[in-house]
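# Observations on the three-dimensional arrangement
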Amino acid sequence: FSLSPRLFFDSDGYEGFYIAPLFRYSAQNYAVQKIREGEASIIRIPGDTQKESVKNLDLMVHWGSQTLYPKLTLEWFIGGGIRLRNNTRQDIGYNLATLSGNGERTFKDKRLRLEVGIRVGFQL
């Protein structure tokens, strides 16, 4: 899901320079095979899964320009902001002697996010 309203400067809208706050949410959900300890290595168990997820929230500002041609739209932008990440992943850990099992690890962090892009659109 993404929301990005645009404020155009010195124009009739949809063309020229703009500034746009950007709010983007993305979620990726996975199912990974659980494990068991074999004689010489870790063995994945078919049919027995564990859930994982990666969720991101981007809070950014884009500055760019859009130009309209008779059958083409051309846009460029640069942007910066922060990404808030929330991850739940399988943790295959070891204690002092053996494999500790199919644990789960959840971690959150914040990262600087920079974007540069070009968009080309065709008008039908």
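The structure under discussion appears in the preceding block.
In short, a report on the structure. All chains use their own residue numbering, which begins from 1 and follows the written sequence. In view of the model being predicted, local features appear only for residues whose pLDDT reaches at least 70, and side-chain atom pairs are presented and counted only at 80 or more, with totals across whole chains, interfaces and linings using the full set of residues. The side-chain numbers reported here are obtained from all heavy atoms of the structure, hydrogens and water having been left aside.

## Concerning the pairing of strand E3 (residues 16-37)
- Strand pairing is assigned whenever DSSP detects at least two bridges linking the two strands. Comment: elements are numbered from the N terminus, with helices defined as DSSP H or I runs of at least four residues and strands as E runs of at least two. Here strand E1 (residues 2-3) runs beside E3; their pairing, made up of 2 bridges, is antiparallel. Across the sheet, leucine 3 pairs through a bridge with phenylalanine 23, a residue of E3.
- Where strand E2 (residues 7-8) lies against E3, 2 bridges are found, and the strand directions are antiparallel. Bridge pairing in E3 places leucine 7 opposite isoleucine 19.
- In terms of strand pairing, E3 meets strand E4 (residues 42-68) through 21 bridges, oriented antiparallel. Bridge pairing in E4 places alanine 27 opposite lysine 55.

## Here's the deal with the pattern of salt bridges
- Just to be clear on terms, a salt bridge is a Lys or Arg side-chain nitrogen sitting within 4 Å of an Asp or Glu carboxyl oxygen. With the rule as written, the count across this model stands at 10 salt bridges.
- As a salt-bridge pair, glutamate 75 and arginine 6 come within 2.9 Å of each other at their nearest N and O atoms. One end of the pair, glutamate 75, is in strand E5 (residues 72-94); the other, arginine 6, is in the loop between E1 and E2, and 69 residues separate them in sequence.
- Among the residues examined, glutamate 75 registers a relative accessible area of 5% and is labelled buried.
- Judged by relative accessible area, arginine 6 falls into the partly exposed class, the value being 33%.
- Glutamate 75 is paired through a salt bridge with arginine 119; the nearest N and O atoms lie 3.0 Å apart. Placement of glutamate 75 in strand E5 and of arginine 119 in strand E6 (residues 99-122) is noted, with a sequence separation of 44 residues between them.
- Partly exposed describes any residue whose relative accessible area lies between the buried limit of under 20% and the exposed limit of over 50%, with all areas from a 1.4 Å probe on protein chains only and scaled to the type maximum. The class of arginine 119 is partly exposed, set by a relative accessible area of 39%.
- Residues participating in the shared-partner salt-bridge network are Arg24, Asp58, Arg83, Arg113 and Glu115.

## Notes on the environment of threonine 88
- Relative to the helices and strands, threonine 88 is located in strand E5.
- In sequence terms threonine 88 and glutamate 75 are 13 residues apart; their C-alpha atoms lie 36 Å from each other.
- In this analysis, two residues are considered to be in contact whenever any of their non-hydrogen atoms come within 4.5 Å of each other. Those residues in contact with threonine 88 that lie beyond four places of it in its chain are Glu52, Ser53, Glu104, Arg105 and Thr106.
- Here the side chain of threonine 88 touches threonine 106 through a polar contact of 3.5 Å, side chain to side chain. N or O atoms within 3.5 Å of each other form a polar contact, as long as, within protein, one can give a hydrogen and the other can take it, and as long as residues adjacent in sequence are counted only when both atoms are side-chain atoms.

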